[in-house]
Amino acid sequence: MLPDFPVQKSKLKEIWTRFLYRRQQEYLGFWSSVPAQTHHEGASWSIERADGTSDRQEYKELGSVFSVDMQEVPNLTSDKLMEKLDAVAKDMAMQMSQGIFETLNETLGGGSLSCDIHKIFVD
């Protein structure tokens, strides 16, 4: 029977998970400094503003595909794995920032503050 190396696998998982998170934060740029909370349950979230108004929205699903083909495994170096994880981080950050822009435009839309928020931060 081959050894499983659970301790080493756990350490590698932790290292690559931290790498993925850090890269995602770098790709988010300014938005990475905005406070965030993780919710493990529920189908919606709500916000109560200082002026007393509130808003409830359903969560938007974000996801990215990470796969390693069996033919890649023999030559899979840490650099190649880093490239794959970097692509996932970039994709997730893009989805997150697009969601933020959509929410801001919806919130600002229709009033005197309406503007193309994406142009303000990206252009």
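Since the structure is predicted, the reported quantities are computational estimates derived from the model, not experimental observations.

Undergrad: What should I look at first to understand the pairing of strand β1 (residues 44–48) in this one?
TA: A regular strand places its side chains so that they alternate between the two faces of the sheet. Relative to strand β2 (residues 54–58), β1 runs antiparallel, the two being bridged by five bridges. Looking at the pairing, Ser 46 lines up with Arg 56 of β2. Taking the residues between adjacent antiparallel strands as the criterion, β1 and β2 are bridged by five residues, where Gly 52 takes a positive phi near 95°.

Undergrad: Where do I start with the packing of helix α1 (residues 6–28) against helix α2 (residues 78–108) in this structure?
TA: Geometry of a packed helix pair, given as the angle between the helix axes and the separation of the axes. The N-to-C vectors of α1 and α2 enclose an angle of 45°; their axes lie 8 Å apart at closest approach. With respect to their mutual orientation, α1 and α2 come out oblique. The interaxial crossing formed by α1 with α2 has right-handed handedness. For the pair α1 and α2, contact is made by Trp 16, Phe 19, Leu 20, Arg 23, Gln 24, Tyr 27 and Leu 28 and by Ser 78, Leu 81, Met 82, Leu 85, Asp 86, Val 88, Ala 89, Lys 90, Met 92, Ala 93, Met 96 and Ser 97, respectively.

Undergrad: Where do I start with the packing of aromatic side chains in this structure?
TA: Centre-to-centre distance and the angle between the planes together describe a pair of aromatic rings. For the coordinates displayed, the defined rule picks out three aromatic pairs. What links up through ring pairs into an aromatic cluster is the set Phe 30, Trp 31 and Phe 101.

Reading guide: rules and limits
Residues numbered from 1 in each chain as written. Predicted model: local features only at pLDDT ≥ 70, side-chain atom pairs only at ≥ 80, totals over all residues. Heavy atoms only, no water. Pairing = 2+ DSSP bridges. Helix = DSSP H or I, 4+ residues; strand = E, 2+ residues; numbered from the N terminus. Axes fitted to C-alpha atoms, helices over the stretch in contact; angles between N-to-C directions. Parallel < 35°, antiparallel > 145°, perpendicular 65-115°, else oblique. Left-handed = near helix turned anticlockwise from the far one by under 90°. Contact = heavy atoms within 4.5 Å. Phe/Tyr/Trp six-rings, centres within 6.5 Å; stacked < 30°, edge-to-face > 60°.

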